[in-house]
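Read off the chains here:
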Amino acid sequence: MKLGYYVLAAVIILVDQWTKELVVRHMELYDSIPLVKDFLYLTSHRNKGAAWGMLQGQMWFFYIVTVIVVIGIIYFLIKHTKNEPFLGWPLSLILGGAIGNFIDRVFRGEVVDFIDVYIFTYNYPIFNIADSALVVGAFTIIIATLFDNKKKEEPINE
Ligand SMILES: CCC[C@@H]1OC(=O)[C@@H](C)C[C@H](C)CCCCC(=O)CCC[C@@H](CC)/C=C/C=C(\COC)CC[C@@H](O)[C@@H](O)C[C@H](O)CNC1=O
């Protein structure tokens, strides 16, 4: 149970909450500031749901899922990072991201989003630092697990 993992999660939460506070304080809702024309904008947005605005307003569902995710990750960080050290930091990213959005859901009743990306003509749903940490953490674990399984399947060369 490395303290470093919790520090990483705490840093994610602080950066996430700080950026959301800046957006709430200095931007009107739906204000949009182009950072990179046709690609990256800072757009003040709110979401009462999950990814792609799914399950709008189902706050209790989100509270329960987040608490389960957080408890599961803390359990994993305590139990499993001894023999699988590579899992520690992606779990911390997910932990920080989940708590970051949880704080919004509890204190604002909605999540503050502001990272507005256009991939060619597709306007990807506006997200935030917490979402980024969640997705990076989740993908890292998926890929690491795939590689890990692949390694186990490879025949041992005599
Ligand atoms: C990142 C998970 C979403 C995040 O989950 C959370 O909080 C967790 C801790 C609690 C949820 C109740 C449970 C997760 C459900 C899993 C899920 O949803 C499948 C995701 C797949 C993934 C494959 C790539 C898409 C990702 C999309 C987006 C993020 O891309 C970077 C777009 C984000 C925008 O729609 C933005 O408005 C969302 C808003 O900020 C609230 N955020 C959440 O609900």
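Here the structure is a predicted model, which is why all the values come from computation and not from measurement. (Residues numbered from 1 in each chain as written. Predicted model: local features only at pLDDT ≥ 70, side-chain atom pairs only at ≥ 80, totals over all residues. Heavy atoms only, no water.)

**Q** Teacher, can you tell me more about helix 3 (residues 88-107) here?
**A** Three or four residues apart is the spacing at which side chains of an α-helix point the same way, because the helix has 3.6 residues per turn. End to end, helix 3 covers 28 Å across 20 residues, agreeing with the expected 28 Å (1.5 Å per residue, within 8%). Extensive coverage of helix 3 is indicated by the burial of 14 of its 20 residues. Downstream of helix 3 by a residue or two, G109 has a phi angle that is positive, lying close to 75°. (Helix = DSSP H or I, 4+ residues; strand = E, 2+ residues; numbered from the N terminus. Expected span 1.5 Å × (residues − 1). Buried < 20%, exposed > 50% of the residue type's maximum accessible area, 1.4 Å probe, protein only.)

**Q** Looking at this structure, how should I read the environment of N128?
**A** One can find N128 in the loop between strand 4 (122-123) and helix 4 (129-153). Through-space distance from the C-alpha of N128 to that of F76 is 25 Å; in sequence the pair is 52 residues apart. With near-sequence residues (within four places) excluded, N128 lies in contact with D16, K20, N101, V111, V112, D113, F114 and I115. Only 3.0 Å separates the side chain of N128 from the backbone nitrogen of A130, close enough to count as a polar contact. (Contact = heavy atoms within 4.5 Å. Polar contact = N/O pair within 3.5 Å; in protein donor to acceptor, adjacent residues only side chain to side chain.)

**Q** Looking at this structure, how should I read the confidence of the model for the protein?
**A** Detailed conclusions should not be drawn from predicted coordinates in areas where pLDDT is low. Residues with a pLDDT of 70 or more make up 98% of the protein, whose mean pLDDT is 93. When mean pLDDT is taken per element in the protein, strand 2 (residues 40-47) scores highest with 98 and helix 4 scores lowest with 91. Model confidence for the complex: the whole-complex pTM is 0.93, and ipTM, which rates the interface, is 0.96. (pLDDT = per-residue confidence, 0-100.)

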